[in-house]
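Each chain is listed here by its residues.
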There are 4 protein chains.
Amino acid sequence: MSDDTKIVTGLGKAERHRVLVRNIDLTKDILGKLSFGQMTFLMLVGRVPTEDEGRMTDALLNVLVEHGMVGNIIAARFTVSTAPEAIQGAVATALLGAGSVHLGSSEYCAKMLQDALPLDGVDTDLTAAAQGVVEDHANRKQRLAGIGHATHPDGDPRADRLYEIAAETGVRGRYCVLLEEIGKVAESRHKRRLPINVTGAIAAIASDMGLQWQMAKAFALVGRTLGAMAHIGEELRNPMNRRISKLIRSSLSYEP
Amino acid sequence: MSDDTKIVTGLGKAERHRVLVRNIDLTKDILGKLSFGQMTFLMLVGRVPTEDEGRMTDALLNVLVEHGMVGNIIAARFTVSTAPEAIQGAVATALLGAGSVHLGSSEYCAKMLQDALPLDGVDTDLTAAAQGVVEDHANRKQRLAGIGHATHPDGDPRADRLYEIAAETGVRGRYCVLLEEIGKVAESRHKRRLPINVTGAIAAIASDMGLQWQMAKAFALVGRTLGAMAHIGEELRNPMNRRISKLIRSSLSYEP
Amino acid sequence: MSDDTKIVTGLGKAERHRVLVRNIDLTKDILGKLSFGQMTFLMLVGRVPTEDEGRMTDALLNVLVEHGMVGNIIAARFTVSTAPEAIQGAVATALLGAGSVHLGSSEYCAKMLQDALPLDGVDTDLTAAAQGVVEDHANRKQRLAGIGHATHPDGDPRADRLYEIAAETGVRGRYCVLLEEIGKVAESRHKRRLPINVTGAIAAIASDMGLQWQMAKAFALVGRTLGAMAHIGEELRNPMNRRISKLIRSSLSYEP
Amino acid sequence: MSDDTKIVTGLGKAERHRVLVRNIDLTKDILGKLSFGQMTFLMLVGRVPTEDEGRMTDALLNVLVEHGMVGNIIAARFTVSTAPEAIQGAVATALLGAGSVHLGSSEYCAKMLQDALPLDGVDTDLTAAAQGVVEDHANRKQRLAGIGHATHPDGDPRADRLYEIAAETGVRGRYCVLLEEIGKVAESRHKRRLPINVTGAIAAIASDMGLQWQMAKAFALVGRTLGAMAHIGEELRNPMNRRISKLIRSSLSYEP
C-alpha cells in the first residue's frame, strides 16, 4: 500500500489552462457567476450554495469587518508605518490579535455547541443538551462562550440581525436553537440577562451550515482582512501613527 | 491649533447600540442587504457600489482564493499542525508569502499604471503613456509588472475573464486600456506574446475603480485568507504535514 | 487620581543621548560588557546575572536554535521565496509554528510547575506536590507536559545536558527537583520510562530563574529566530523551495 | 543526474541521539561551551568564532533589544492582550514592523556596501568606491542608508560604541572603513554632519564578518524577539492596553 505516502487534497487544482475549485471551473463557472459569499460557502462546505445561503454567508462575512479603532487595527497601522513595502505583514498583524479574547471566540462557542451536539449526530433533546452544557461549565467554573456582552448587556443588535437573516434564509437549525436554549438556562441560573452575542451567533449559524467548529473563525478572519486593508490604506494616505506614539509618550512613565 | 494631536478616521465607529461603517448603519443597512463584494467596495472606495460594481468586486475577490497546493498553503498547513490552538497564526503564515514574487505583484503593476496616469489626473494619450512606461522600464532594465506569464505563455484565462467582466459591468476604463497598450508596445518591442496576467488585470481594474495602488493587493489577501482557512480545515480533518515532512526528509541530504 | 491613565513601563527608555535598559546605560554598561545571554537574563529577570547565570541562559538559548529541516523552517523558506523583500515575514512564519505541539510546550510545563509551586510560595513537600500534579492530570485525562519523548524514549540528551549545566551553575533549584519527582511518580504509575524532555528542562530551569511561566517560551523563540535567519540565508543562496514543491506535487492527488 | 531533486542543507541535522549544528555536536560541544553570541556567528558565518568575535556578536545582538515603547512594541502588546494563549503571535507582530523605515534598514545599508565592494572581491580604492556610491545615490535621488539620524544629529552613541568594539575585537575591516568614507564624502557634498547611525554600524560590521547583506537584519530580529518577550511579560503582569486604547479614543474623531 502506497497510501502512507499519498498526499490528497479535495480543494483545488491549478492546471495549465484552467483552475478547478472543488471540481468547478474557476474561469467558466465561478468568476462573474458566484458572489464571494457563495465562494466562501463552496470552499468551506463543499457545494455551491443557494442564493439564500450565499446571502447568509455575506452577512457573516460583513458583520466583523469594521469596529472602529480597536487594538489590532492600531497594531496593523504601526506595522505598515515602519514596513510600508510589506502590506501583507500589516494585515497579518491585525489577524494575529484574533485570539481567545477578541474576534476568535466564535471558535470556542462552536466547539461548545458541537461537543454537545455532533455535526453528524442524531436528533436530541435540545433543552436537555443545553442544561448539560450549562451545568458542565458551572462545574468546571468556565465561562459560557457566545452569550453575554460587556458593552451590550441588553443584547447585541448584530447578533439579533444575524439570527433574523438565518431565519429568513432557512439556514437556522438546531444549533441556533441550542444556543438560545443555553442562553435561557444560563439566564435562569444566573438571574441576569445573557443575550446571544455576535460571535455566538456566528458560531451557531456556521454550525448549522455544517462547518467544523474550527472554521467558525473564518468569517472574522476574512472580514477583518478587509477591514485591516481599509485602515492600512487610510494610514498610508493620512498617517496617524506618530500622533498616537506622541500621545502614548505623553502619558508614559518609566519606573525601573 | 490642536490639529496636530487630533486622530481622525473616516472608516467606522462602534457605538453602544450601533456600528457605523463609512457612515452607514451596519445592522440596519448592511447586514442582509449588501454582499461582501459590495462591502469590500464600500470599505475601499468609500461609497455603496452598484450591483454591477459589486459583481466585479466579487470576481476580483474570487480569482485568487484557490490555486492548489502552492508554497504559502503548505506553509500554513505546517503552522497549524504545530499550533492548532492559534489558527489565526496559520492564516497569517499564508498571507506573509504574498510578496513581490507571488500574489503581491498586483501592487507593483497598479503603481506602474498610476505613476503613468495619476488617479486624479486629466486625460492623456494612452498609447504615448504606454510607450513611456515600456521605454522607462527598458532603460532601468526592470521587468514590466502585470504582463507575461511563465506557465500561461498564450494568455492567462483568468485575466481574460476579469477583463470581460470589467467590460460587462462598465468598470473597464482608462487603466484597463493603458495596460493593454503597454502589452502591445512591449510585444512589438520584445517580439513575443506578452499577455496581461491575472495580477495585471486585478491592478488595472482596481485602478479603474479608483483604488490607490497599494490597495490592489486587498483582493488577493482577502481571497487567500479564505483559501488558507479551507486548507487549514482540511489539514485538521486529514493531516498531510507528516507525509510532506517524510517526503522531504527522504530527499534531503546534510552537507555541512 | 490620575493613576488610571498612567502608562508605566520598567523595561527601558530611549533618551536623546542614551538608552536605558532596566536602568542600566546601554552604551556605557551593556555593549561590549554583557553577553547576549546576560542581556536576556537582565531583560527577563530584571537584574544583571552572574557569569554562571549568563552561561546557563546561553545554553537555554542555544538548545533549540537548530533541529534540521522541521516544518516551521520549511514554511519560512516558502515565505522568503515569494516575499524576499520582507525577511521579517519569513522569520515571523517560523515563529508562528511555535505552538502547543512544537517548541511552545515549555510554556505549558512551566505553568504546571508554577501552579503546583507558586514563584513566591513558601517551601513545600516536593514529592507530595509531584503526586498531586500527576493525580490531577490523570483525573483530567491530560498529558503531563515536559516529560516523555516520542523520538527519545530513553532520554533526551539535550535535557540531560541542560540539567547538568543547571547543577554546575547553581541555577538548579526546587523546580528542577519538582519536575524530576513528577517524572518518577509518573513512571511508577504508568510503568514506563518517562524522562524529562528538552522543553521540560527549559521550563524547570526558567522557573528556577524566577521567570513567570509564560516567559519560558522566550528561549525557544529567540533561538528559533536565529535558526530561521540561517535557513533563510541558505534559501536565498541556494533555493530549495521549487524542488520541495515539485516533490510534493509528484505525490499529490486531487480528489474532489 | 538526480541533482535536480536533491535537497541539501548544510546547517544541521537531528539524529536519534544527537543534534548536529554546522557539523558540531550540540550537546557535547555547544551547550555550556559556546555563548549565544558565538552560536549566532557559527550559524550565520559557518565556523566557531574566537571569543573576540563572539563578544562583537553579543554587542550586535544587544544593541537593538530595547528602545522603549516604540510602535512595534505597542503592537505586540495589543496582540497579546487579545490572544494571550498564542504569545508567538505577539512576538511575530513585533518583528513584522522591522521593515524599511525601522529596524530593517541595516539590510539596505549592507546591500549598498556589498554592491560597491563584493564579499569575495579583490582590494579596491575605498575612497573612490565611496565617491561612486554617493554620486550614484545622488543621481538616482536615493537616500544613503546607514548615515544620518533624525534624533541623533550629532552622532548616535550606539554606533560609535559598536565601532569601538569592532576595533577592539579586530573585526573592523574594509566595510567599516568604506562606510566611514561614504559618510565623509556625503558630508562634504551635503555640507552637514552625517554620522554613521546604528543600523549602518551593524551593516558594516556584519559585512566585515562576511555575512551576505540580507543577514545584516538578523541581529535586530533576534534582539527584538527578546525585547518583545520582555514587554509581553510586562503586559501580562501589568496590562496597559486598555489605557492606551482609552487614550486614543479620547483623541479620536470620526469624520466619515
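Residues numbered from 1 in each chain as written. Chains lettered and ligands numbered in written order. Predicted model: local features only at pLDDT ≥ 70, side-chain atom pairs only at ≥ 80, totals over all residues. Heavy atoms only, no water.

Q: Quick question: what am I supposed to make of the relation of the copies chain D and chain C here?
A: Here chain D sits on chain C after a turn of 180° about the axis and a move of 0.0 Å along it, with an RMSD of 0.0 Å. What the superposition gives is, in effect, a two-fold axis relating one chain to the other. If distances are taken from each C-alpha of chain D to the rotation axis, the shortest is found for A92 of chain D, at 2.4 Å. Residue by residue, 100% of the interface of chain D is reproduced at the interface of chain C, so both copies engage with the same surface. (Least-squares fit on C-alpha atoms with pLDDT ≥ 70 in both. Contact = heavy atoms within 4.5 Å.)

Q: Got a minute to help me understand the interface of chain D and chain C in this structure?
A: Often, the extent of an interface is quoted as the loss of accessible area on bringing the components together. Listed as interface residues are 85 residues of chain D and, on the opposing side, 85 residues of chain C. Carbon and sulfur atoms supply 65% of the area that chain D and chain C bury against each other, a total of about 7,100 Å² over both sides. Run the count over chain D and chain C and you get zero salt bridges. Applying the counting criterion to the chain D and chain C interface returns 23 residue pairs in polar contact (both at pLDDT 80 or more). (Buried area = accessible area lost by both parts, 1.4 Å probe. Salt bridge = Lys/Arg side-chain N within 4 Å of Asp/Glu carboxyl O. Polar contact = N/O pair within 3.5 Å; in protein donor to acceptor, adjacent residues only side chain to side chain.)

Q: Is there a simple way to explain helix 8 (residues 157–169) of chain C in this structure?
A: Taking 1.5 Å of rise per residue, 13 residues should cover 18 Å, and helix 8 of chain C covers 18 Å from first to last C-alpha, within 8% of that figure. Within the sequence span of helix 8 of chain C, burial applies to P157, R158, A159, R161, L162, Y163, I165, A166 and T169 of chain C. Residues of helix 8 of chain C that are buried sit in contact with helix 3 (51–62), helix 9 (174–190) and helix 10 (198–208) of chain C together with strand 3 (19–21) and helix 1 (26–30) of chain D. With a side-chain oxygen positioned 2.9 Å from the backbone nitrogen of R158 of chain C, the residue opening helix 8 of chain C is D156 of chain C. Looking at the residues trailing helix 8 of chain C, positive phi occurs at G170 of chain C, about 75°. (Helix = DSSP H or I, 4+ residues; strand = E, 2+ residues; numbered from the N terminus. Expected span 1.5 Å × (residues − 1). Buried < 20%, exposed > 50% of the residue type's maximum accessible area, 1.4 Å probe, protein only.)

Q: Please clarify how the pattern of salt bridges should be interpreted in this entry.
A: Following the criterion strictly, the structure yields 64 salt bridges over all chains and no others. E168 of chain C is the partner of R161 of chain C in a salt bridge, and the nearest nitrogen-oxygen pair spans 3.6 Å. Residue classification places R161 of chain C among the buried positions, given a relative accessible area of 11%. Overall, E168 of chain C belongs to the partly exposed group, its relative accessible area being 42%. Through salt bridges with shared partners, a single network forms among R55, R161, E164 and E168 of chain A.

Q: Just checking my understanding: could you explain the sheet that holds strand 4 (residues 24–25) of chain A for this structure?
A: One key point about sheets: their strands pair by backbone hydrogen bonds, in either a parallel or an antiparallel sense. All names here are of chain A. Across the sheet, three strands lie side by side as 2-3-4; this open sheet has antiparallel pairing. Edge strands, defined here as strands with exactly one partner in the open sheet, are strand 2 (12–14) and strand 4. Pairing analysis gives two bridges linking strand 3 (residues 19–21) to strand 4, with the strands arranged antiparallel. Looking at the pairing, V21 lines up with I24 of strand 4. (Pairing = 2+ DSSP bridges.)

Q: I keep staring at the relation of the copies chain C and chain B and nothing clicks. Help me out?
A: Both copies of the chain are tied together by a single rotation about an axis and a shift running along it. Between chain C and chain B, the superposition needs a rotation of 180° and an axial shift of 0.0 Å, giving an RMSD of 0.0 Å. Interface residue correspondence from chain C to chain B reaches 100%, placing this contact among same-surface, isologous pairings.

Q: Would you take a moment to explain the interface of chain C and chain B for this structure?
A: If you look at the interface, chain C gives 26 residues, while chain B gives 26 residues. In total, chain C and chain B occlude about 2,100 Å² of area from one another, counting both sides; carbon and sulfur atoms represent 73% of this. When the area that chain C buries against chain B is broken down by residue, the three leading residues are T82, L96 and I248 of chain C, summing to 25%. At the junction of chain C and chain B, the tally comes to eight residue pairs in polar contact (both at pLDDT 80 or more). The dominant element in the side of chain C that touches chain B, judged by the number of residues it contributes, is helix 4 (residues 71–82) of chain C, at seven residues. Each residue belonging to the side of chain C that touches chain B can be placed in one class, and the counts come to 14 nonpolar, 11 polar and one charged. (Nonpolar A, V, L, I, M, F, W, Y, C, P; charged D, E, K, R; others polar.)

Q: Please explain the packing of aromatic side chains as it appears in this structure.
A: Ring pairs (aromatic) are described by centroid distance and by the angle formed between their planes. For the coordinates displayed, the defined rule picks out two aromatic pairs over all chains. We note K111 of chain C situated over the ring of W213 of chain C; from NZ or CZ to the ring centre the distance is 5.5 Å. (Phe/Tyr/Trp six-rings, centres within 6.5 Å; stacked < 30°, edge-to-face > 60°. Lys NZ or Arg CZ within 6 Å of the ring centre and 35° of its normal.)

Q: In this structure, what is going on with the side chain of S207 of chain B? I would like to understand it.
A: All names here are of chain B. Within the secondary structure layout, S207 lies in helix 10 (residues 198–208). Here S207 falls in the buried class, since its relative accessible area comes to 2%. Not counting the four nearest positions on each side in its chain, S207 is found in contact with A110, L113, Q114, L119 and Y175.

Q: I tried to follow the packing of helix 3 (residues 51–62) of chain A against helix 11 (residues 218–237) of chain A on my own but got confused; where do I start?
A: Packed helices, taken two at a time, are described by the angle between their axes plus the distance between the axes. All names here are of chain A. Closest axis-to-axis distance for the helix 3/helix 11 pair is 7 Å, and the angle between their directions is 65°. Note on element contacts: helix 11 touches helix 3 through F219, V222 and G223, opposite T57, L60 and L61. Its residues placed into classes, the contact of helix 3 with helix 11 shows four nonpolar, two polar and no charged. (Axes fitted to C-alpha atoms, helices over the stretch in contact; angles between N-to-C directions.)

Q: What exactly am I supposed to notice about the environment of T199 of chain A here?
A: Residue and element names in this part refer to chain A. With respect to the secondary-structure elements, T199 resides in helix 10 (residues 198–208). Accessibility expressed as a relative area gives 9% for T199, which makes it buried. Taking the C-alpha atoms as reference, T199 lies 17 Å from G68; in sequence the two are 131 residues apart. Dropping the residues within four chain positions of it, T199 is found in contact with L103, S105 and S106. A polar side-chain atom of T199 sits 3.2 Å from a polar atom in the side chain of S105.

Q: Sorry if this is basic, but what is going on with unusual backbone geometry here?
A: Phi at N23 of chain B is positive, roughly 70°, even though this residue is not glycine. By the secondary structure assignment, N23 of chain B is in the loop between strand 3 (19–21) and strand 4 (24–25). On the basis of relative accessible area, N23 of chain B is assigned to the partly exposed category, the value being 47%. Positive phi, normally seen in glycine, also occurs at K141 of chain D, with a value near 50°. For K141 of chain D, a relative accessible area of 78% translates into the label exposed.

Q: I keep staring at the nonpolar core and nothing clicks. Help me out?
A: Nonpolar side chains tend toward joint burial in soluble globular proteins. Formed by 359 residues in total, the largest nonpolar core has its most connected members in L162 of chain A, L162 of chain B, L162 of chain C together with L162 of chain D. Each residue touching L162 of chain B, except ones within four places of it in the same chain, is listed here: L31 of chain A together with M56, A59, L60, V63, V198, A201, I202 and I205 of chain B. If you look at the next biggest cluster of nonpolar residues, it comprises eight residues, including L96 of chain A, A92 and L96 of chain B together with L96 of chain C. (Core = buried A, V, L, I, M, F, W, Y, C linked by side-chain atoms within 4.5 Å.)

Q: When you look at the sheet that holds strand 4 (residues 24–25) of chain D in this model, what are you seeing that I'm missing?
A: Pairing within the open sheet is antiparallel, and its three strands lie in the order 2-3-4 (chain D). Each edge of the sheet is formed by a strand with only one pairing partner; in this case those strands are strand 2 (12–14) and strand 4 of chain D.

Q: Sorry, what's going on with the confidence of the model for chain A here?
A: Detail in the predicted coordinates should be disregarded across regions flagged by low pLDDT. With 98% of its residues at a pLDDT of at least 70, chain A reaches an overall mean of 94. Both scores are available for the predicted complex, with the pTM at 0.97 and the ipTM at 0.96. (pLDDT = per-residue confidence, 0-100.)

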